[in-house]
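Okay, here's what each chain looks like letter by letter:
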Amino acid sequence: MNDLKQLFKNLYVEFFWSAAYTCSFFIKANQQANKILVLPAANLNGGFGEDIMITSFMNNFANGTPVCILNGFKIVREDYKAINKNIEFVDGFNDKVNFLKLLFLIKNCSQVYVIGADIMDGTYRVHNSINRLRVIELAHRIGVKAQISGFSVSKNILPVVKAKFIQISRNVKLKIRDVESYGRMKDFITADRLVLTNDIAFICPDVPETYRTNTHIDFKTWVTEAKASGKTIIGVCPNAIQAKKIGLDVYVQGFKHLLENFLAVGNYAFVFLYHDIRPICDEASDSTISAILDKHFSTKGVNCFYTDQIRNGVELKGYVSQVDFTITGRMHLGISGLTYAKPMFGVSYANKFEGMVKLFGIDPNICLIDYDKLNESREKVRLFTENFDSIESNVKDHIQKVKLETTNNYAHG
């Protein structure tokens, strides 16, 4: 029964896009339009990576132009509107999207911008990728300029996604955010249609008014006291997606083992952070897992800090800026740390981290571990801590160049 439902759903989606393509021949761009349509990498309902990518876009590209953000369902984010001016939310970009409404929305925008990130290769859901590429294709047919921000692809890109990449690359240059992904894309897209760049999160601004709260004051006091006692501060961020793949208990035990290996070789204090507050692993989010880890290590007498009051990824930057380095299963939290020249020990998945650390001239083998191998982390911890000074030096030496290269996201349309 479920297979039959999925079949009808897929047929409906394909019918919708066929109808949209047909109607696009009769609709032309509004030449007086002064609005940018943005498709985030995911709905803005609790993923902090989306927060910092949108804020980067607003501050580095929009230049005061009104921005319309298209989500799958109705979003109310007053915290977002306080950070980013001239922003509105529109819903309906889902499997039941009204194609006429979408066409006229595109028609009345001066540009369409798709946030690429790691959603474009079909890793999560194939239609998440395909439908974003179809929006770019529709925009081109109508006569509206379109761009896509730097994205990653894993080793095994689905053939149907490859075919759509080939199709849209004739009209839009594809921005690739790491050297590994660039090499994979160059296997089937000519180099003149590719632009090597970095994740737009690298140039998300620091917005102090987002984190000037009593909780942040308490955190800074904790940092000062911990450092005065000789502690090195580690920002720790689990990933509930990884937990879902191997089971929450297994993942938590693995993370405990990893952190215990760090405690065995250094004088550390932990601030437990999170980069997604959505219930992903059943009812558990990143924040849930951080709370579990905080309780465990606090009970053992380890100096820890945790708060559940951080509302978005831009506010989180005020916490990440205070740590000495990060241990993270979320790449965008690692990026926030790197923007402050804070090294990253990555708990990696789907080949997403390797290309990014190579931007800093760092060997992935000394700073990354697979999320399902946390119980085998002792050697990785040794390599990271023994090479920490050189890793930190590389980050400091490369970060400005990385930020400069990131501006390629807003050129070469």
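Residues numbered from 1 in each chain as written. Predicted model: local features only at pLDDT ≥ 70, side-chain atom pairs only at ≥ 80, totals over all residues. Heavy atoms only, no water.

Caption draft 1: Broad picture of the environment of Asn312. Structurally, the position occupied by Asn312 is in the loop between β10 (304–306) and α12 (313–320). Put simply, Asn312 and Gly72 are 240 residues apart on the chain and 19 Å apart in space, counted from C-alpha to C-alpha. Only 2.9 Å separates the side chain of Asn312 from the side chain of Asp79, close enough to count as a polar contact. (Helix = DSSP H or I, 4+ residues; strand = E, 2+ residues; numbered from the N terminus. Polar contact = N/O pair within 3.5 Å; in protein donor to acceptor, adjacent residues only side chain to side chain.)

Caption draft 2: Highlighting helix α8 (residues 214–228). Relative to the 21 Å expected for 15 residues at 1.5 Å per residue, α8 spans 21 Å between its end C-alpha atoms, a close match to the ideal helical length. Listed as buried for α8 are His216, Phe219, Trp222, Val223 and Ala226. End-on view of α8: buried residues confined to an arc of 115°, all on one side of the axis. Opposite its buried face, α8 presents the exposed residues Asn214, Ile217, Thr224, Glu225 and Ala228, each directed more than 90 degrees away. The first or second residue beyond α8 is Gly230, which carries a positive phi of 90°. (Expected span 1.5 Å × (residues − 1). Buried < 20%, exposed > 50% of the residue type's maximum accessible area, 1.4 Å probe, protein only. Arc of directions from axis to C-beta.)

Caption draft 3: Main features of empty space enclosed by the protein. Under the definition given, this model contains two cavities of 30 Å³ or more. Looking at the largest cavity, its volume works out to about 50 Å³. Looking at the largest cavity, the residues that line it are Leu338, Met344, Met356, Val357, Phe360, Ile362, Cys367 and Val395. Considered class by class, the residues forming the lining of the largest cavity number eight nonpolar, no polar and no charged. Considering only enclosed or pocket space, the second largest cavity measures out at about 40 Å³ in volume. In this structure, the second largest cavity is lined by Ser152, Arg177, Asp178, Asp199, Phe202, Met331, Lys352, Met356 and Leu359. (1 Å grid on protein atoms, 1.4 Å probe; cavity = no way out; pocket = protein on both sides within 12 Å on 5 of 7 lines; lining within 4 Å. Points joined across faces, edges and corners; volume = space filled by probe spheres on them. Nonpolar A, V, L, I, M, F, W, Y, C, P; charged D, E, K, R; others polar.)

Caption draft 4: The arrangement of the packing of aromatic side chains in detail. Evaluation of the coordinates by the stated rule reveals 31 aromatic pairs. Look at Phe16 and Trp17: their rings are 4.5 Å apart centre to centre, the planes differ by 70°, and that puts the pair in the edge-to-face class. On the basis of relative accessible area, Phe16 is assigned to the buried category, the value being 4%. Within the aromatic cluster, the residues linked to one another by ring pairs are Phe262, Tyr268, Phe325, Phe345, Phe384 and Phe388. (Phe/Tyr/Trp six-rings, centres within 6.5 Å; stacked < 30°, edge-to-face > 60°.)

Caption draft 5: Representation of α12. Within α12, eight of the eight residues are buried, leaving the element largely enclosed by the surrounding structure. Burial in α12 covers these residues: Gly313, Val314, Glu315, Leu316, Lys317, Gly318, Tyr319 and Val320. Tucked into the core, α12 has its buried residues touching α2 (48–62), α3 (78–83), α8, β11 (325–328) and α13 (331–339). Capping the start of α12 is the job of one residue whose side-chain oxygen sits 3.1 Å from the backbone nitrogen of Val314: Asn312. (Contact = heavy atoms within 4.5 Å.)

Caption draft 6: Broad picture of the pattern of salt bridges. Under the defined criterion, the tally for this structure stands at 18 salt bridges. Residue Glu180 is joined to Lys358 by a salt bridge in which the shortest nitrogen-to-oxygen separation is 2.5 Å. Linking Glu180 in helix α7 (residues 179–185) with Lys358 in helix α14 (residues 354–358), this pair joins segments that are 178 residues apart in sequence. Between Asp276 and Arg278 there is a salt bridge whose closest N-O contact spans 2.5 Å. A residue is classified by how much of its surface remains accessible, and Asp276, at 2% relative accessible area, is buried. Residue class for Arg278 comes out partly exposed when judged on its relative accessible area of 21%. Through salt bridges with shared partners, one network takes in Asp276, Arg278, Asp286 and Arg330. (Salt bridge = Lys/Arg side-chain N within 4 Å of Asp/Glu carboxyl O.)

Caption draft 7: Structural detail: the sheet that holds strand β1 (residues 36–39). In space, the five strands of this open sheet follow the order β3-β2-β1-β4-β5, with parallel pairing throughout. Whereas interior strands pair on both sides, the edge strands pair on one side only; in this sheet they are β3 (87–90) and β5 (145–148). Going from strand to strand, the sheet's axes swing by 20° on average, the running direction of each strand aside. Bridge count between strand β4 (residues 111–114) and β5: four bridges; the pairing is parallel. Bridge assignment links Gln111 to a residue of β5, and that residue is Lys145. (Pairing = 2+ DSSP bridges. Axes fitted to C-alpha atoms, helices over the stretch in contact; angles between N-to-C directions.)

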